[in-house]
Amino acid sequence: MEKVIQIKTLSYRYPDGIKALNNISFDISYGERVGIIGPNGAGKTTLFLCMMGLITGWEGDVVLFSLSMKDKKNHPIVRKKISIVFQNADDQLISPTVFDDVAFGLLNHNFSRDEIPKRVKKSLNDVGLNGFSNRLPFHLSGGEKRRVCLAGALAIEPEVLLVDEPTSDLDPRGKRKIKEILNSLNNTRIISSHDLEFILDTCDRVIVLDEGKIVADGIAKEILSDESLMLAHGLEKPHSLSPHVIPHHYR
Ligand SMILES: Nc1ncnc2c1ncn2[C@@H]1O[C@H](COP(=O)(O)OP(=O)(O)O)[C@@H](O)[C@H]1O
Ligand SMILES: [Mg+2]
């Protein structure tokens, strides 16, 4: 299968000396649905920032669509094909209206004035926010804000979508909606989370990160069922993967 992402012995140290990524290697093929899981501080966000070219100065290589992110000339080409939804919607929503926020990436990528409204409408429709164009992002619920961010990321029709902790702070209904949207997409996508029920429902493959290292990479259901592996890395096996024990008095 053709590789869309190749991470090769990637290491990164923040300027203050924290080693956030330590010799990471993995490949992702077109169409894969991959979960990056790990406790807080494992390096999930840092890995996404490296893939977007928002962090540079790492060792190793990040190759996207067969282009090395070491070469800054490749960044604008790659950024037309990859989008990120950040963990904190309030960092991403900066415009006075929902329309402007969703249009932001399109303007940056020089889409035509005719094309932009069409794409914004389609993206809002895809995330179930028809009619929200003139709303103030500021006033929306947490779940709606997250969906506006997703619409903005989808508007450029990216081949690869990175979604950082999409369920943090969402209520069950908000989570369910995000899950439905993500599962309706065909893009290659990588979702970071420590919400393992969510990962189980949205990903086929899982990469476990801890202290900047990959500690497991494989089939989601198999990895998430491994209770001792989950516990060793600050995670918890999803309840849905445990056999349901019927209390004695009901037998
Ligand atoms: N801007 C930063 N400057 C210095 N250290 C950072 C910065 N951002 C993250 N870190 C550190 O890098 C490590 C990985 O963080 P991060 O990638 O945010 O992990 P995760 O997203 O898995 O919670 C942590 O030890 C964190 O404290
Ligand atoms: Mg993070």
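Here the structure is shown first, and the text comes after it.
Definitions and cut-offs
- Residues numbered from 1 in each chain as written.
- Chains lettered and ligands numbered in written order.
- Predicted model: local features only at pLDDT ≥ 70, side-chain atom pairs only at ≥ 80, totals over all residues.
- Heavy atoms only, no water.
- Pairing = 2+ DSSP bridges.
- Helix = DSSP H or I, 4+ residues; strand = E, 2+ residues; numbered from the N terminus.
- Axes fitted to C-alpha atoms, helices over the stretch in contact; angles between N-to-C directions.
- Contact = heavy atoms within 4.5 Å.
- Core = buried A, V, L, I, M, F, W, Y, C linked by side-chain atoms within 4.5 Å.
- Buried < 20%, exposed > 50% of the residue type's maximum accessible area, 1.4 Å probe, protein only.
- Near = heavy atom within 4 Å.
- Polar contact = N/O pair within 3.5 Å; in protein donor to acceptor, adjacent residues only side chain to side chain.
- Areas by Shrake-Rupley, 256 points an atom, 1.4 Å probe, with all protein chains shown as cover.
- Nonpolar A, V, L, I, M, F, W, Y, C, P; charged D, E, K, R; others polar.
- Expected span 1.5 Å × (residues − 1).
- Left-handed = near helix turned anticlockwise from the far one by under 90°.

Attention now goes to the sheet that holds strand S3 (residues 33-37). Within the open sheet, the six strands sit side by side as S6-S7-S8-S3-S9-S10. Their pairing is mixed. Two strands lie at the open edges of the sheet, namely strand S6 (82-85) and strand S10 (213-219), each paired on one side alone. Within the sheet, the average angular offset between the axes of one strand and its neighbour, ignoring direction, is 15 degrees. Sheet topology places strand S9 (residues 205-210) next to S10; six bridges connect them, and they run antiparallel. For Arg-205, the partnering residue across the bridge sits in S10 and is Ile-219. Against the sheet, helix H1 (residues 44-51) makes contact with S3, S6, strand S7 (160-164), strand S8 (188-193) and S9, and its axis sits at roughly 150 degrees relative to S8, the strand it touches most. Across the sheet, helix H7 (residues 172-183) is in contact with S3, S7 and S8; its angle to S8 comes to roughly 155 degrees.

A separate point is the nonpolar core. Among the nonpolar cores identified, the biggest contains 46 residues, and Ile-37, Leu-150, Leu-161, Leu-182, Leu-224 and Met-230 are the most heavily contacted of them. The element that contributes the greatest number of residues to this core is helix H6 (residues 142-154), accounting for six residues. Discounting chain neighbours no more than four positions away, the residues touching Ile-37 are Lys-44, Ser-193, Leu-196, Ile-199, Val-206, Ile-207, Val-208, Leu-209, Leu-224, Met-230 and Leu-235. Counting residues in each nonpolar core, the second largest holds 32 residues, with Leu-21, Phe-26, Ile-55 and Ile-190 among its members.

So, about the site of ligand 1. The environment of ligand 1 is made up of Tyr-14, Asp-16, Ile-18, Ala-20, Pro-39, Asn-40, Gly-41, Ala-42, Gly-43, Lys-44, Thr-45 and Thr-46. Residue Ala-42 places a main-chain N or O atom 3.1 Å away from an oxygen atom belonging to ligand 1. Here an oxygen atom of ligand 1 sits 2.8 Å away from a polar atom, N or O, in the side chain of Lys-44. When ligand 1 sits alone it has 560 Å² of accessible area, and the protein chains cover 63% of it. For the shell around ligand 1, the leading source of residues is H1, giving three residues. Within the shell around ligand 1, the residues separate by chemical class into five nonpolar, five polar and two charged.

The terminal C-alpha atoms of H6, which comprises 13 residues, lie 18 Å apart, in line with the 18 Å expected from a rise of 1.5 Å per residue. By the criterion of burial, H6 is predominantly enclosed, with eleven of the 13 residues buried. Residues of H6 that are buried: Gly-143, Lys-145, Arg-146, Arg-147, Val-148, Cys-149, Leu-150, Ala-151, Gly-152, Ala-153 and Leu-154. In this structure, the buried residues of H6 make contact with S6, helix H3 (89-92), helix H4 (98-108), helix H5 (115-126), S7 and H7.

Attention shifts here to the sheet that holds strand S5 (residues 67-68). Here we have four strands laid out as an open sheet, ordered S2-S1-S4-S5, and antiparallel in their pairing. Each edge of the open sheet carries a strand with a single partner, namely strand S2 (19-29) and S5. When strand S1 (residues 3-13) meets S2, the two strands line up antiparallel, connected through seven bridges. Within S2, the position partnered with Ile-7 by the bridge is Phe-26.

Our next topic: the packing of H4 against H6. Packing of H4 against H6 brings their axes to within 7 Å, and their N-to-C directions diverge by 35 degrees. Crossing geometry of H4 relative to H6 is assigned as right-handed. For the pair H4 and H6, contact is made by Val-98, Asp-101 and Val-102 and by Val-148, Ala-151 and Gly-152, respectively.

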